[in-house]
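Listed here are the chains, written in short residue letters.
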Amino acid sequence: MDLKRDIYEKLVDWKRRDSGLVLELEGARQVGKTYILNKFASENYQNYFYMNMLQASGQDFLRCLSKVREWEPGQPRREHPLHDAFELYDSRFSDDKNTIVVIDEIQESAEVYSCIRQFAREFQCHFIVTGSYLGKTLEREYFLPAGDVEKLVLNSLSYEEFLYAAGKYELYKEAELYGGSDHRIYDELKHWYEVYLRIGGYPAVVKKYLETGDFAACEETLMQVVDVFIDESSRYFNSVLDISLFEQVLPAVAQTMVREKKGTSDLVTELSKIIYKEESNRITKKSINYLLGWLYRSHIIGYCGKVNHGDRLDVTFNCRFYFRDIGIAQIFLRMSGADAATRAGILNENFVYLYLLEDIAKLQIAGVTPNFGTYKEGEIDFFVISRIDDKAYGIEVKAGKSIGKTANLLLKDEKVDYVYLLKGDTYGGVLDQVKYTVPIYLTGKVTFDKGI
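Residues numbered from 1 in each chain as written. Predicted model: local features only at pLDDT ≥ 70, side-chain atom pairs only at ≥ 80, totals over all residues. Heavy atoms only, no water.

Visitor: How do you make sense of the pairing of strand β12 (residues 418–423) when you look at a structure like this?
Guide: Across the six residues that make up β12, a large majority, six, are buried. Of the two faces of β12, the one carrying Y418, Y420 and L422 and the one carrying V419, L421 and K423 are both buried. Where strand β11 (residues 392–398) meets β12, six bridges bridge the pair, whose relative direction is parallel. Pairing of K398 across the sheet is with K423, part of β12. (Buried < 20%, exposed > 50% of the residue type's maximum accessible area, 1.4 Å probe, protein only. Helix = DSSP H or I, 4+ residues; strand = E, 2+ residues; numbered from the N terminus. Pairing = 2+ DSSP bridges.)

Structure, rendered in structure tokens:
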């Protein structure tokens, strides 16, 4: 089954621009990086060379690189050893615009990763490097090639990509944001949204559902994804303590999502309390902080900040977690023991969070992460400052029909200019041109440009 991915067009655009920069494709394990790169390279270049630093192809290239770098006194040094290494690796290599080199799992070799600057500055051909555990490259022996790399992130399938795979994307395109379409369209999109909340967007899980419709089989496949990630990550940890803590951190992250509705300024301490049921010593906090960094750089979790007192300039960073895939969130929220209603509320928030994260990457909204907000005695799910119209938007996420009181209060006190009510049980509507009710499964169509 060929899954259409939106990132494909971004890859085509990178090739067209020919910026001279190496493309670093980030993304979690098993989101389809290798698949999409194989497809892109094969369809857009005459010559495609692939090596995986975890496999024999990567080791073969390292041997070629070592050989061309050998030098004996009295012998002339090679003028372009890297070029020679690629030619030795494959005699068909040609350094021109019709050639692309993809280096997978590049975090396995500090030597090759440190060549990225040369790839960008000394070659005409195009290079893409990728890996699931690029957090490894923060270690000292890795030379970080600032200014020579352009980055893209491949996530698990979005709801829209999932709909495309299910043959329902035309319904999504047709659905009007505020209820102007046939209600049967909304009802069907809601059904598929509920499926998506259960399985998430990992390609193997989506394929399993579309082939079988079996939620239990999907959960088993998703747990296999998690197990592989945990096992592979453990290879990069230096201490027994870190390895033993790692399996506990993900369920603990889910518990903080349930417990800390208004967030916390010290997520590490909260996780320590959950894991150990007591204040942790400095060593344990250091280990947990390291593991959180690993989960973040592996694109498993994301952070959410907090706008305090409805003041757009008073922001506390990293007060809440969300997962980067809805299926992963579902699994660990179930492990947390949270009831169905609580899980549903958090999953809906997590769904919206992922779209806001994309909007930040597109420079459509301000911030380094999405933010929720507090005001007086209440809390609003997200507080957004638009970079398009410079207006403040409150976002309330509701699984059912209720309306958040804090959103109305923020509007009344002019702390926000507009409010989006993203709800599971609605066909949409507009009130006084400041309050917009939208079916939550159409979040991807929401824009922050009402003030233009």
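The rest of the description comes next.
Visitor: What should I look at first to understand the pattern of salt bridges in this one?
Guide: Where charged atoms of side chains with opposite charge meet at close range, the side chains can pair. Taken as a whole and judged by the stated rule, the model has 26 salt bridges. In this structure, K39 engages D2 in a salt bridge whose closest nitrogen and oxygen atoms are separated by 3.6 Å. Of this pair, K39 sits in helix α2 (residues 33–44) while D2 is found in the segment before α1 (7–17), placing the two residues 37 residues apart along the sequence. Judged by relative accessible area, which is 24%, K39 ranks as partly exposed. For the salt bridge of D413 with K376, the shortest nitrogen-to-oxygen distance reads 3.2 Å. Placement of the pair is D413 in the loop between α17 (405–412) and β12 and K376 in the loop between β8 (371–375) and β9 (378–380), with a sequence separation of 37 residues. Classification of K376 as exposed rests on a relative accessible area of 57%. Three or more residues are tied together by salt bridges with common partners; here these are D13, R16, R17 and E150. (Salt bridge = Lys/Arg side-chain N within 4 Å of Asp/Glu carboxyl O.)

Visitor: Can you walk me through the sheet that holds strand β1 (residues 22–26) in this structure?
Guide: Strands belonging to one sheet form pairs held by backbone hydrogen bonds; the direction of such a pair is parallel or antiparallel. Ordered by their spatial adjacency, five strands build an open sheet running β2-β3-β4-β1-β5, and the pairing between neighbours is parallel. Two strands close off the open sheet at either side, each with one partner strand: β2 (47–52) and β5 (149–153). With direction set aside, neighbouring strand axes in the sheet form an average angle of 20°. Two strands pair when backbone bridges link them, and β1 and β5 are joined in this way by five bridges, in the parallel orientation. Bridging across to β5, L23 finds its partner in E150. (Axes fitted to C-alpha atoms, helices over the stretch in contact; angles between N-to-C directions.)

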